[in-house]
Each structure stands twice: as structure tokens, then as C-alpha cells.
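So the chains spell out like this:
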Amino acid sequence: FHTAKLDEFLGGLVQVFGPRMLRYKGVLLMEGADRKVIFQGVHQIMGTDVGAKWAEGELRESKMVFIGKNLPKDIFIRGLEQCLV
């Protein structure tokens, strides 16, 4: 992911859909980072931490989970795709 684009997109999601976002979290592969980025949140409270280094031979990929009420899956997917490098 491109860091600035993803930060802006996730911030917008939280502002618009935060009350309906019960729980969300993920492990992210960010452009130029040699460590995992961990993000998690509840409603409109979101935080990130730098995680462990990617292990040699480990599949480097991002995984996210969003749990909520009536969230627009297509908006989430399209927005996340636009944040890819």
C-alpha cells in the first residue's frame, strides 16, 4: 500500500462509516517498509503500530478484516485498490 493514500482513505472510512464499524484490524505491507504495520480500531477510534520484520521467505501480503453493520463492501474494496502501489 501507498502510505499517504491508505491513511487518507482509512481516515475517510472512519469519519463516514465509523459508527457502523464495530471492529476492524489488519496486518499491512506498506511501500518501502521492512516491517509489518498493524492497524486496528473500534468505531471511530483507529490506531497503528509497527510490527515485526517480515521473515525471510514469508509471504508478504496485506490482510484486513472489517466487521460492521451494513458496510458498503464495494466502496471499501474500490477504495483500498486505489491505495495500492
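Remember, predicted model here, so these are calculated numbers, not experimental data.

Novice: Account for the overall build of the chain, naming residues and giving values.
Specialist: Within the chain, the secondary structure is distributed over two helices and four strands. In the chain, the succession of helices and strands from N to C terminus is α-β-β-β-β-α. Its C-alpha radius of gyration of 13 Å places the chain within 12% of the 12 Å reference for a compact globule of 85 residues. Expressed as lengths along the three principal axes of its C-alpha atoms, the size of the chain is roughly 40 × 20 × 20 Å. Within the chain, the proportion of its 85 residues that are buried is 28%. Here the analysis covers contacts within the chain between residues at least 6 apart in sequence; of these, 57% occur between residues at least 24 apart. Surface accessibility of the chain: about 5,700 Å² in total, with carbon and sulfur atoms responsible for 54%. Computed over 12 positive and 10 negative side-chain charges, the separation of the two mean positions in the chain equals 7 Å.

Novice: How would you explain the pattern of salt bridges if you had to name every residue and give the values?
Specialist: Applying the stated criterion across every chain, the model contains four salt bridges. Put simply, Lys36 and Glu58 hold a salt bridge, and the shortest N to O gap is 2.9 Å. A residue pair is termed long-range when its members are at least 10 positions apart, and Lys36 in strand β2 (residues 35-42) and Glu58 in the loop between β3 (45-53) and β4 (63-68) qualify at 22 residues. A relative accessible area of 18% places Lys36 in the buried class. For the salt bridge of Asp74 with Arg78, the shortest nitrogen-to-oxygen distance reads 3.2 Å. With a gap of four residues between them, Asp74 and Arg78 both fall in helix α2 (residues 73-81), about one helical turn apart. Residue Asp74 is classed as partly exposed on the basis of its relative accessible area of 44%.

Novice: Give me the lowdown on the side chain of Lys36, citing residues and values where you can.
Specialist: Within the structure, the side chain of Lys36 is placed 2.9 Å from the side chain of Glu58, a separation counted as a polar contact. If sequence neighbours within four positions are ignored, Lys36 has contacts with Val27, Leu28, Asp49, Val50, Gly51, Ala52, Lys53, Trp54 and Glu58.

Quick notes on the rules
Residues numbered from 1 in each chain as written. Predicted model: local features only at pLDDT ≥ 70, side-chain atom pairs only at ≥ 80, totals over all residues. Heavy atoms only, no water. Helix = DSSP H or I, 4+ residues; strand = E, 2+ residues; numbered from the N terminus. Rg over C-alpha atoms; globule rule 2.2 N^0.38 Å. Buried < 20%, exposed > 50% of the residue type's maximum accessible area, 1.4 Å probe, protein only. Contact = heavy atoms within 4.5 Å. Areas by Shrake-Rupley, 256 points an atom, 1.4 Å probe, with all protein chains shown as cover. Lys, Arg positive; Asp, Glu negative; His and termini not counted. Charge placed at Lys NZ, Arg CZ, Asp CG, Glu CD. Salt bridge = Lys/Arg side-chain N within 4 Å of Asp/Glu carboxyl O. Polar contact = N/O pair within 3.5 Å; in protein donor to acceptor, adjacent residues only side chain to side chain.

Read these as geometric descriptors, not functional statements.
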